[in-house]
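# Observations on the model geometry
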Amino acid sequence: MIPERVVLVGFMGSGKSRVGRELASRLGWRHVDLDREIESREGVTIAEYFARHGEQAFRALETRITPEFTGDPRLVVSTGGGWVTNPGVFESLPPATLSVYLRVSRDEVLRRVARGSGRATRPLLSTPDPAATVDDLLKAREPLYRRADMSIDTDRRSPWEVAEEIYRAMMSENVPTDLNERGA
Ligand code: S3P
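Bear in mind that the values here come from a model prediction, so they are computed numbers and not experimental data.

## Re the environment of Ile166
By the secondary structure assignment, Ile166 is in helix H9 (residues 159–171). Since its relative accessible area comes to 0%, Ile166 is described here as buried. When the C-alpha atoms of Ile166 and Pro128 are compared, they prove to be 36 Å apart, with 38 residues separating the residues in sequence.

## Quick look at the pattern of salt bridges
Tallying each qualifying case throughout the model produces 18 salt bridges. One salt bridge connects Arg59 with Glu55, and the closest N-O pair in it is separated by 3.0 Å. Taken together, the positions of Arg59 and Glu55, both in helix H4 (residues 55–70) and four residues apart, correspond to about one turn of that helix. What makes Arg59 buried here is its relative accessible area of 10%.

## As for the nonpolar core
Counting 32 residues, the largest nonpolar core has Val9, Phe11, Leu34, Trp83, Phe90 and Val134 as the members making the most contacts within it. Looking at this core, the elements that each hand over two or more residues are strand E1 (5–10), helix H2 (34–42), helix H3 (46–53), H4, strand E3 (75–78), helix H5 (89–92), helix H6 (106–112) and helix H8 (130–145). It is H4 that contributes the most residues to this core, four residues altogether. Val9 has contacts with Lys16, Thr79, Trp83, Val84, Phe90, Val100, Tyr101, Leu102, Tyr145 and Ala148, leaving out every residue within four places of it along the chain. In this structure, Leu27, Val162, Ala163 and Leu179 belong to the second largest nonpolar core, which totals 20 residues.

## Description of the sheet that holds strand E4 (residues 97–103)
Pairing in this open sheet of five strands is parallel, and the strands run E2-E3-E1-E4-E5 from one edge to the other. Two strands in the sheet have a free side with no partner beyond their single neighbour: strand E2 (30–33) and strand E5 (150–153). Geometrically, the sheet is characterised by an average inter-axis angle of 20° between neighbouring strands, direction not taken into account. Pairing of E4 with E5, which is carried by four bridges, proceeds in the parallel orientation. For Tyr101, the partnering residue across the bridge sits in E5 and is Ser151. Strands in contact with helix H1 (residues 16–27) are E1, E2, E3 and E4; relative to E3, the strand with the most contacts, it is inclined by about 175°.

What counts, and where the lines are drawn
- Residues numbered from 1 in each chain as written.
- Predicted model: local features only at pLDDT ≥ 70, side-chain atom pairs only at ≥ 80, totals over all residues.
- Heavy atoms only, no water.
- Helix = DSSP H or I, 4+ residues; strand = E, 2+ residues; numbered from the N terminus.
- Buried < 20%, exposed > 50% of the residue type's maximum accessible area, 1.4 Å probe, protein only.
- Salt bridge = Lys/Arg side-chain N within 4 Å of Asp/Glu carboxyl O.
- Core = buried A, V, L, I, M, F, W, Y, C linked by side-chain atoms within 4.5 Å.
- Contact = heavy atoms within 4.5 Å.
- Pairing = 2+ DSSP bridges.
- Axes fitted to C-alpha atoms, helices over the stretch in contact; angles between N-to-C directions.

Pasting the structure below:
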């Protein structure tokens, strides 16, 4: 069965946004980036939203807007890195949704996002010791990311290559066959 939509999960810097854009364009599907949707809806950046309302309010908002998109077919959704921490989000995905975990190592995260502008736009990494923060968050979240149907390594690979691997898996129907049973 070829999935009707794809949901990308993974840590900050795993490439969810760029892979999502690339995969959607290859499939001729729509791409939605939940963080960008929140920013345009709220009229603030994610960092500003965190500063004003806090993480808990952000989590409530991302949980609330998810079903507004995930019901649509022919859609690739890029989630934020902490989306998986919202209870019940995987179960809320409709049947025929392929969830894909984009794996990234701690060192690659630090290379890609924990410095400069990448860090400035990611409030959770604005700590005195980003490396320790990444370690702690990755450890806590890994079991949640692993709930996805498929997982793909992204270290030292371009978003293009990662999107290609997902695309090929979908086209070869080399995807989990129990996509209809989610939440059953
Ligand atoms: C977060 C990741 C960010 C954004 C917010 C919180 C997280 O998304 O949703 O800053 O908790 O890991 P990206 O993974 O796209 O950076």
